[in-house]
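# Geometric and topological summary
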Amino acid sequence: MSDLERICSVDDVPEDTTFLFRVAGDDEEEQEAILVRTNGDICGWLNYCMHMTHIAIDKGSGATMRNGELICENHGAYFEADTGYCNFGPCEGAVLNDLDITVDGDHVFLSDDDYSFVGRGGTEKDPADRSSSSNVEF
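Okay, so let's go over this structure.

Attention now moves to the pattern of salt bridges. Two side chains with opposite charge may pair up if their charged atoms get near one another. On inspection of all chains with the given rule, the structure shows three salt bridges. In this structure, R37 and E15 form a salt bridge, with 3.7 Å as the shortest nitrogen-oxygen distance. Here E15 lies in the loop between β1 (5-9) and β2 (18-24) and R37 lies in strand β3 (residues 30-38), a separation of 22 residues in the sequence.

With that settled, the discussion passes to the sheet that holds strand β11 (residues 107-110). Two modes of strand pairing occur in sheets, parallel and antiparallel, and in both the strands are linked by backbone hydrogen bonds. One open sheet accounts for three strands, arranged β1-β11-β10; its pairing is antiparallel. On the outer flanks of this sheet lie β1 and β10 (101-104), each paired with one strand and no other. Recorded for the sheet is a direction-independent mean angle of 30 degrees between the axes of neighbouring strands.

Our next topic: the sheet that holds strand β7 (residues 78-80). In space, the four strands of this open sheet follow the order β5-β6-β7-β8, with antiparallel pairing throughout. The sheet is open, and its two borders are formed by β5 (64-66) and β8 (86-88), each paired with just one other strand. Strand-to-strand twist of the sheet, defined as the mean angle between neighbouring strand axes without regard to direction, takes the value 35 degrees. One ladder, built from two bridges, connects β7 with β8; its direction is antiparallel. Bridge pairing in β8 links F79 to C86.

Turning to the nonpolar core, a few remarks are in order. V36, W45, C49, L70, A77 and F79 are the most contacted members of the largest nonpolar core, which has 18 residues in total. Within the residue set of this core, elements represented by two or more residues are β3 and β4 (41-46). Among the nonpolar cores identified, the runner-up in size contains 17 residues, and V23, A33, L35 and L110 belong to it.

Tracing the backbone through its elements, the reader meets D27 in the loop between β2 and β3. Here D27 falls in the exposed class, since its relative accessible area comes to 56%. Taking C-alpha positions, D27 is 9.6 Å from Y115, a pair spaced 88 residues apart along the chain. Within the structure, the side chain of D27 is placed 3.0 Å from the backbone nitrogen of E29, a separation counted as a polar contact.

Let us look at the side chain of D112. Mapping D112 onto the fold places it in the loop between β11 and β12 (116-120). Buried and without a salt bridge, D112 has R22 as its closest oppositely charged side chain, separated by 17 Å. From its side chain, D112 meets the backbone nitrogen of D100 in a polar contact 3.0 Å long.

Calculation notes
- Residues numbered from 1 in each chain as written.
- Predicted model: local features only at pLDDT ≥ 70, side-chain atom pairs only at ≥ 80, totals over all residues.
- Heavy atoms only, no water.
- Salt bridge = Lys/Arg side-chain N within 4 Å of Asp/Glu carboxyl O.
- Helix = DSSP H or I, 4+ residues; strand = E, 2+ residues; numbered from the N terminus.
- Pairing = 2+ DSSP bridges.
- Axes fitted to C-alpha atoms, helices over the stretch in contact; angles between N-to-C directions.
- Core = buried A, V, L, I, M, F, W, Y, C linked by side-chain atoms within 4.5 Å.
- Buried < 20%, exposed > 50% of the residue type's maximum accessible area, 1.4 Å probe, protein only.
- Polar contact = N/O pair within 3.5 Å; in protein donor to acceptor, adjacent residues only side chain to side chain.
- Lys, Arg positive; Asp, Glu negative; His and termini not counted.

Below you can see the structure in the form of structure tokens.
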């Protein structure tokens, strides 16, 4: 589906957290996705914890990261930013769903045949939703 759709510039991807954007699959349903810098590269992942897939890793202000790992604030799961592998937490052994990303010069592109780029930022949230964003203290 994708034919090198520009997501952002390389400089837009933060060093210590994530860049949030939206994609749509064949069913045209929007999903959130994230970009993360790791080992001099940029990786793309769908933005949900493998323990409970309705829980976002980046809740709109960048994901918490430590030592090259993305942290699900709801469950305390740790995902290696470069492989998506969960090495600690309730979904240990699971792997985040990846997106094919291409970096060309100063630009980051979605190059995944299963998704198309929708836009920057997250999906609209219900302002009446008062659910907790965390049950793990850092």
